[in-house]
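The chain contents come next:
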Amino acid sequence: MRLRTPLGNARGLGSAHEGTEVFWTQRLTSIASIPLTFFLVGSCLYLIGADYEAARAFISSVFAAPALILVVIVFVWHMCIGMEEILVDYVHSPALKFAGLIFNIFFSVFLGLTGVYAILKLSFGA
Amino acid sequence: MAGTRSPTERPLSPHLEIYRLTFTFLMSGFHRVTGFVLYFGMAIPVAWLLAAAAGPEWFDFVNGLIGTFLGRLVLFGYSWGLIHHMLGGVRHLIWDTGRGLDLVSIEVFARATIIGSAALTAALWLAAYALGGL
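Predicted model, so just to flag it, every value in this text is computed and none were measured.

A. Region of interest: the overall build of chain B. Helix and strand content of chain B: five helices and zero strands. Counting from the amino terminus, chain B carries its helices and strands in the arrangement α-α-α-α-α. Computed over the C-alpha atoms, the radius of gyration of chain B is 21 Å, more than 25% above the 14 Å expected from 2.2 N^0.38 for a compact globule of 134 residues. Along the first, second and third principal axes, the C-alpha set of chain B runs to 65 × 45 × 30 Å. Here the analysis covers contacts within chain B between residues at least 6 apart in sequence; of these, 72% occur between residues at least 24 apart. Counting every atom, chain B has about 8,500 Å² of accessible surface; 73% of that belongs to carbon and sulfur. With 8 positive and 7 negative side-chain charges, chain B shows a separation of 8 Å between the mean positions of the two kinds.

Shown next, in the form of structure tokens:
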């Protein structure tokens, strides 16, 4: 049986060297989001008044499709980290907090997967 | 850790409402609020992509929704939030390098984010209407 407190156990062990991973990922995705935002906004301007065939041709083009997939993945990743930060900052009730954290992952994965699927279907599907 | 009490009650930092509302404080809050709203706003581009993948009927339906007054208002808010959050993010990236943390710079940054986002959003929507489709 150990009589030491959790703090006593941790003391002297030094850094885990893993604490900055989320911080780093949020910076990485934020930098990537800058050109991707310009691409997304530019695409919207380009597609103003476009009919279905024109929109479909654009989304499935070899230039737009990979960039759009990046938009979905990078934005969703970034927003998932951001919402987790908001939840742990403001939601103190454990039940609500974990419900929120679970919803956050589900919602993010759902949006990410759906968006990428839609682009791939337009690119490769019938 | 849950369930364990530290032997001494440590002091908590004072919360938001005791501070004077400054412009930098407001823009800091705005960055988080826009991030929160954009989180749900991400459903818009994904819904549009999915509608395109689902076929012409769905595509026209979703485009029709976006084309209504309310739809355009939502899209306007989304675009403003996106641009504002991007500029606010650039500000944070500059701070990450250790630069621009003096009192003059933070005021300049705070004003530049809101003025910049308003100007860019206005320019974007003027361009959109000039291009004619909306």
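Still to come is the rest of the account.
B. Inspection of the pattern of salt bridges at higher detail. One pass over the structure, following the stated rule, counts four salt bridges over all chains. The partner of Arg32(B) in a salt bridge is Glu85(A), with the nearest N and O atoms 3.2 Å apart. One end of the pair, Arg32(B), is in helix α1 (residues 23-41); the other, Glu85(A), is in helix α4 (residues 64-90), on a second chain. The partly exposed category is assigned to Glu85(A), whose relative accessible area is 40%. The partner of Asp89(A) in a salt bridge is Arg32(B), and the shortest N-O contact between them spans 2.7 Å. Of this pair, Asp89(A) sits in helix α4 while Arg32(B) sits in helix α1, each in a different chain. Sharing partners across several salt bridges, the network here consists of Glu85(A), Asp89(A) and Arg32(B).

C. Looking closely at the environment of Phe36(B). For Phe36(B), the position within the fold is in helix α1. Once the C-alpha coordinates of Phe36(B) and Gly81(B) are considered, the two residues, 45 residues apart in sequence, prove to be 9.7 Å apart. For Phe36(B), the contacting residues outside a window of four places in its chain are Met83(A) and Ile86(A).

Parameters at a glance
Residues take numbers from 1 onward in each chain, read along the sequence in its written order. Think of it this way: whatever chain is written first is A, whatever ligand is written first is 1, and the rest follow in order. In keeping with the predicted nature of the model, local features appear solely for residues at pLDDT of at least 70, side-chain atom pairs appear and are counted solely at 80 or more, and the whole-chain, interface and lining totals rest on all residues. Side-chain numbers here rest on the full set of heavy atoms in the structure, without hydrogens or water. Where helices and strands are cited, they refer to DSSP runs of H or I of at least four residues and of E of at least two residues respectively, numbered from the N terminus. The globule rule used for comparison is 2.2 Å times the number of residues to the exponent 0.38, while the radius of gyration itself is calculated over C-alpha atoms. The contact definition used throughout considers only heavy atoms, calling two residues in contact when any of these lie within 4.5 Å. All accessible-area figures derive from a Shrake-Rupley calculation using a 1.4 Å probe, and residue coverage is judged against the displayed protein chains alone. The charged-residue count follows a simple rule in which Lys and Arg add positive charge and Asp and Glu add negative charge, with His and chain termini not counted at all. In this description, the location of a charge corresponds to atom NZ of lysine, CZ of arginine, CG of aspartate or CD of glutamate. When a carboxyl oxygen of Asp or Glu is within 4 Å of a side-chain nitrogen of Lys or Arg, the pair counts as a salt bridge. Exposure is judged per residue with a 1.4 Å probe applied to protein chains only, and the accessible area is read against the type maximum: over 50% gives exposed, under 20% gives buried, and values in between give partly exposed.

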